Every structure is written in structure tokens, then in C-alpha cells.
Amino acid sequence: MSEGGTVKKLKDGEVIFTEGDPSGSAYVIVKGGVELTKNSKHGAVKLARLKAGELFGEMGIIDGSPRSATSRAIGPTIVKEIPPEALLKGIQNDPDLSSKVMAKLVERLRAADEMLVRAGVSPADGTTAASPARQGATGSPPKKPGFLSRLFNTTKGREKTFEIIVADFFDDPEQKATELVFNTLKTTTKNLSGDLINVRRAGSAFTPSDFSDSPIVWTQIRNNAQNWLREKEGDLLLWGQVRAGGSALHMRMTQLHALRNERAGYIQPYDCIDLPYDMDDVLAGYLYGVCVGALIPFDKAQVDAFEALLGPALDATRPAISKNIRELDNDEQVRFKVGFANLLATCGVFKKRPERLKEAEDVYHDALRSMRRTRSELLEGIIKRHLGYAQSTWFDQGGDNNLLEAAIESLREACESFNKSMFPNEWADLQAMIGQLLFKKDQLDENDSALRESIASFQSALQVFSASTTPRRWGDAKHHLARALQLLGSQSGDLDMIARSAEACREALAVRSKTQSPMLWAATQNNLGSALFMLCQKTRKPETADAAVKAFQAALEVYEARKAVKLANVTQKNLSRAQEVSMELGPIQNDTSEEENSFSEDTFNEMEEDIEDISEKEEENSV
């Protein structure tokens, strides 16, 4: 959504759109401000004053209604026009953006009602031009469901909290296998999930039909599946192929929403499960369990439902692991075990149960031992990737330090299968994760070797990621690189590293949008403020102190607006320090430069703990 769009320069008082007009584009304020007013029988009532970085005009696009207010520029103002299709695509593809837009809408509506009440006007007294009724109609014309209703699952296509869609299988001309999987999954789901999951048939085959494992195919699968699921209003697409002369079913699952950051048990397009054609009740339970584990909850209602489903899903899946399935070859049996391990890991993440992660680690190791009879290097890499994420999560939940070492080793070994030449993005993802784990390892070691390795891993990831082709990944890697450079610079007294940290933060902010990802943007602003604060401690340059103050203020504004109390308190403490130094140094001199750098170790260790707290909270709010 941040790409493209027309930039418009407005004079003070210039009208951008008028109440009652058909809704066209939305707008983001680049510079200046905008005032929203609403007509009433008592005259115009001021609803809101918006400032740089805020989105407005989105309501009519979302619900298909005319403009509900008039917008005017306050002073010289620059706005960026966002076409309707770009806004809707951004909201539909980005759960984080969607929830923020909805939250802002609710907040703005409540504030508008309060402004109307203060002005002595009932909210119902506002006058918005209504579309004329169709001639001969006895009531309002029927309204086509808009994105808002689809978002809250009120259209007829969605029946339950989660919708699983089964596509027609390939190499199944009479659709007997498709019907078998559909009926088996629907019956089991009805018995075990009650009203939480509905299973539907797509009625057609899912494309592409290419089952080979390559990044190009995986990307095509994900994009096509998400388009399908948006159109059919589903959460999970199950599709597959009949193999081994009709005796085995090869299945894959793709979700409507993708996670911003991979977690233990996360099902990717390259993950698959294999089952014999003749499924009994035990295998039906396994099919149900792995499908539940593949779901990605989008909002609080789905999170609550998902957590309630995980326990029964695990109980339904467990009996199948001890079953001897002769119809499956060695690789298929390995993938069968991995499907169970992924469900265990997912339970460990959402239920915060370390014992589930321990059990998942055991099953992954068992699957790897079974790999001795196969030559599937990619399958081995997939398992080690899952294993590394499970070990990392187990460490985060209080596991011993050896788990961190094990997770780093598992992911490094996964890089041998997901190599840079064949799987560049997957390799870079692994390098970025290894960098984060090494950053944690540095807190346990007495020397700085882990931190230097962390920096090298982030730099490796940035050899693949770019601001133009993979802006989110590039911005994340730049942010984490900045933290590592800042810490190493403080420990070694290397001012150049601290300066490089500040520069990496600025680069990350070029792609981290305050409008689309305010929590991530604020975390980087706080990181930038910390780097600049350390520099001004030594250089004693007023402009560096002033820049640090502005960065902390920007972060604090977001945390307070989102009621992130702990993060706001941490940032306020950082801001107060920077303001004290800024006041001590006095006004900015025109002939000073920010190129010189310095360092004070007295405050950094405490500030780094603050940055770590913010980073952890940032990840919780980025899914």
C-alpha cells in the first residue's frame, strides 16, 4: 500500500473531499494537517484534527458508503492519495494493517460521537447524503456486502469461526479420493470441533498442479491459494494428489494469512503429509489434527477458538503415531512423523507448554534417524529447520542454555539443504534467525564472538534481501543488525559501529511504515534514539542530542496511542535522559556535524535491556 499513489500539495483551507460525495481514494498525510467536519442542523461540527502519518478517507472505501465528513487542509499540507484497490489489497493481505485500520476506525467514530455530543448534537442528527432508493422499491436498496462485513465473517460463505476448503485432488478423475478426504475430514471435524470449524469443498481443482519442491512453485502455490481463500472466504486450503497407483494420498495445506515471522510448528508450502487411501478412524483423527495445527488465527476470536481446539486435536492425532502404515514408503512415513511433531510444537507455542516442545524435538530427531534410509536432502533440511525453531522456542520458555546452542546448530545444518544458490530467500530467512539466536547467546557468553557472528549472519541475509524486492524482510534484518552493532560498539568502544547502527536504523525506517506497522516503526525509532544518545554522550553535539530526543518522542507517541504501557515507560525513561543531555548542551550550532561519534558505557547496558523488552513486545504485536 505504501508504493505508488499520487502526492498532492494543498493550500490552507483547501477541501480534499466533501461530505456526501461518492467515496474514492483514501489519503495519508505526508506533511501538515487535516481537519474533519460534519454537517448537522446546528451547523458544521469539528470531528478531528489529523496530523502527519495518519490515514483518512478509508471508511467509505471499506463499507461502500458516501463520504461521512468533509476534509480540509490545515495550513500548507501534502497528502498521498491511496487508490481504493491498493487500500483493500493492503488490508486483505496484511492482518496487522487490517486490525490497525479497524481499531483506528472505531477510535475515530467514538471520538466523533463525543465531539457531536459536546457540540449539543445527537450523532443521529448528522446529515449525510443518502443514495436514492430504486424506483418502485419499498425500502432502502440492497447493499452489496463490503470488505468490512467480509472481514467480520458476516457473509453467507462463512459459517463457523474457521473454514477449511478441500480442493479437488489431481490424478483423481472420478473424484473418489477427494470425496473420501472431504467426508472423512468433515465428519471428524463435526465430532471433535463442534461449531468452531466448517469444512467445504471447492468444487474445482487448485492450481498449480506442480508438486515439485522449488521456491518458484512454493511462491506460486502461496499466492494462488491466498487468492482462492479470499474469494471463497476460507482460512485453510487442503489440496493434493493421488499417488502410488491410487493407494496413497499426498496432501498440502496453505493458509489465508501468513505469519510475519516464522514460529515453531508453522506449516509452509513445502510441508506435506501422506496418508493411505484406505483411512480408518485413527488416521481420520490424524488428518483432522494436522489440519487444525496448520490453521493461523487472525483475530482474538480465532485465537481463543484455536487454543481450545489444539488439545483435542493433539489427542486425536497421537494414536496414529504408533500405527504401522505399510502403504507408505520411507519418505512418506518420515513426513507423517513430522506432521505430528509440527502439531506438538504448535501446541507448545500457543499453550506455552515446554514439555510439548520437548516431545516435538524427540519426534523430529526420530524422523531424522529414519532419514538414514533415504536420500532426500531437502526433506532433511525441512526437518532441521522445524527442529531449530522448536528448540529456540523451548529455550525462550525457560529451557537450559544448551537448547540455544542446539537451535543454532540445527538451523545452520538446515542452511546446507536450503543453500543460497538454490533457495536464496529461505537461506536468508535462516541466516536472519541464526543472527537473532546468536544475539541471545551473546548475553550468556563472556566474550563477544557470538555477537560478531550475529552481525555476520544479518549481513549474509542482507546479501539476499533488498528494500525493493523484500522490503519487510530487509527492514527486519536492518533493525536487528542495528541492535547487534549498537551492543558490540558499546562493548568494544567502537564509535564507528554505533554510527553504523544509527544508519541501519534510518535505512530500516525507510521501509517500516508508521501507518502500516506502527509498533515495528516505533521499535526502530527507539533503537535509533539509543544509538544517537550514546553518540552525543561523547561528541557533546547538540544536533545529535536533539535527533535522539525526536526519535524517542516518535516511539513514545506510538506506544502511548496503542496503550503499550510498559514500552511507553521504557521509552519515557530514555527520552528523559536524552532531554537532560539536550538541555545541558544548549541550542544547535549551524556549523556542527553529526559525522563524529563517541561512546559512554555507563548507560548502555541498562538501555540495551530496555531495547530487548521493546523488541520482544514488538514481535508479539507484529503477527
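All values derive from a computational prediction rather than experimental measurement.

A.B. asks: Before we move on, could you go through the side chain of Arg-335 and cite the residues and values that matter?
C.D. replies: With respect to the secondary-structure elements, Arg-335 resides in helix α9 (residues 330-351). For Arg-335, a relative accessible area of 14% corresponds to the buried category. Leaving out residues up to four positions away in the same chain, Arg-335 has contacts with Arg-243, His-250, Cys-272, Asp-274, Tyr-286 and Leu-379.

A.B. asks: Just give me the short version of the packing of helix α14 (residues 449-461) against helix α15 (residues 471-492), but keep the residues and values in it.
C.D. replies: It is at 9 Å that the axes of α14 and α15 come closest, and there the two elements cross at 155 degrees. In terms of orientation, α14 and α15 fall into the roughly antiparallel class. Relative to α15, α14 is oriented so that their crossing is left-handed. Residues Leu-451, Arg-452, Ser-454, Ile-455, Phe-458 and Gln-459 of α14 touch α15, and the partners they reach there are Ala-477, His-480, Leu-481, Ala-484, Leu-485, Leu-487, Leu-488 and Gln-491.

A.B. asks: If you had to explain the sheet that holds strand β9 (residues 236-243) to someone new, which residues and values would you point to?
C.D. replies: With mixed pairing, the 5 strands of this open sheet are ordered in space as β8-β7-β9-β10-β11. The open sheet is flanked by β8 (197-205) and β11 (273-276), the only strands paired with a single partner. Between one strand axis and the next, the sheet turns through 30 degrees on average, direction left out of account. Relative to β9, strand β7 (residues 162-168) runs parallel, the two sharing 3 bridges. Bridge pairing in β9 links Val-166 to Leu-238.

A.B. asks: I'd like a rundown of the pairing of strand β3 (residues 26-38), residues and numbers included.
C.D. replies: Counting buried residues along β3, 10 of its 13 residues qualify, which places the element largely inside the surrounding structure. Sheet topology note: the β3/strand β6 (residues 70-82) ladder contains 10 bridges and is antiparallel. Looking across to β6, one finds that Val-34 is bridged to Ala-73.

A.B. asks: Any chance you could break down the pattern of salt bridges for me, citing the residues and the numbers?
C.D. replies: Pairing between side chains becomes possible if they bear opposite charge and their charged atoms approach one another. Scanning the entire structure with this criterion turns up 34 salt bridges. Salt-bridge contacts for Arg-335 lead to Asp-274; the nearest nitrogen and oxygen are separated by 2.7 Å. Of this pair, Arg-335 sits in helix α9 while Asp-274 sits in strand β11, and the two are 61 residues apart along the sequence. Given a relative accessible area of 0%, Asp-274 falls into the buried group.

A.B. asks: Describe the packing of aromatic side chains, listing the residues and the values that go with them.
C.D. replies: We describe a pair of aromatic rings using the distance from one ring centre to the other and the angle between the two ring planes. Scanning the entire structure with this criterion turns up 9 aromatic pairs. Seen from their ring centres, Phe-17 and Phe-56 are 6.0 Å apart, and the 35 degrees between their planes marks the pair as tilted. Placement of the pair is Phe-17 in strand β2 (residues 15-17) and Phe-56 in strand β5 (residues 55-56), with a sequence separation of 39 residues. Across this residue pair, the class does not change: Phe-17 and Phe-56 are buried. Seen in terms of ring centroids, Phe-206 and Trp-228 are 5.6 Å apart; in terms of plane orientation they differ by 80 degrees. Their pairing is edge-to-face. Taken as a pair, Phe-206 in the loop between β8 and α6 (215-232) and Trp-228 in helix α6 lie far apart in primary sequence, 22 residues in all.

A.B. asks: Residue-level account of the nonpolar core, with values.
C.D. replies: Inside soluble globular proteins, nonpolar side chains tend to come together where they are buried. Leu-185, Ile-197, Met-251, Leu-287, Tyr-364 and Ile-383 are the most contacted members of the largest nonpolar core, which totals 102 residues. If near-sequence neighbours (up to four positions away) are discounted, Met-251 is found in contact with Phe-169, Val-181, Leu-238, Trp-239, Gly-240, Cys-272, Ile-273, Leu-275 and Leu-287. One finds Ile-498, Met-519, Leu-535 and Ala-555 within the second-largest nonpolar core, a separate group that totals 33 residues.

A.B. asks: Lay out the pairing of β8 in plain terms, naming residues and giving numbers.
C.D. replies: Bridge count for β7 against β8 is 6 bridges, and the pairing is parallel. In the sheet register, Val-166 faces β8, and the bridge partner there is Arg-201. Handedness of the crossover joining β7 and β8 through helix α5 (residues 176-193): right-handed.

A.B. asks: Can you tell me about the environment of Ile-382, naming the residues and giving the values?
C.D. replies: On the secondary structure map, Ile-382 appears in helix α11 (residues 377-396). Put simply, Ile-382 and Val-338 are 44 residues apart on the chain and 9.4 Å apart in space, counted from C-alpha to C-alpha.

Scoring rules and cut-offs
- Residues numbered from 1 in each chain as written.
- Predicted model: local features only at pLDDT ≥ 70, side-chain atom pairs only at ≥ 80, totals over all residues.
- Heavy atoms only, no water.
- Helix = DSSP H or I, 4+ residues; strand = E, 2+ residues; numbered from the N terminus.
- Buried < 20%, exposed > 50% of the residue type's maximum accessible area, 1.4 Å probe, protein only.
- Contact = heavy atoms within 4.5 Å.
- Axes fitted to C-alpha atoms, helices over the stretch in contact; angles between N-to-C directions.
- Parallel < 35°, antiparallel > 145°, perpendicular 65-115°, else oblique.
- Left-handed = near helix turned anticlockwise from the far one by under 90°.
- Pairing = 2+ DSSP bridges.
- Salt bridge = Lys/Arg side-chain N within 4 Å of Asp/Glu carboxyl O.
- Phe/Tyr/Trp six-rings, centres within 6.5 Å; stacked < 30°, edge-to-face > 60°.
- Core = buried A, V, L, I, M, F, W, Y, C linked by side-chain atoms within 4.5 Å.
- Right-handed = clockwise from strand over helix to strand, strands pointing away.

Function-wise, these values are silent; they only describe arrangement.
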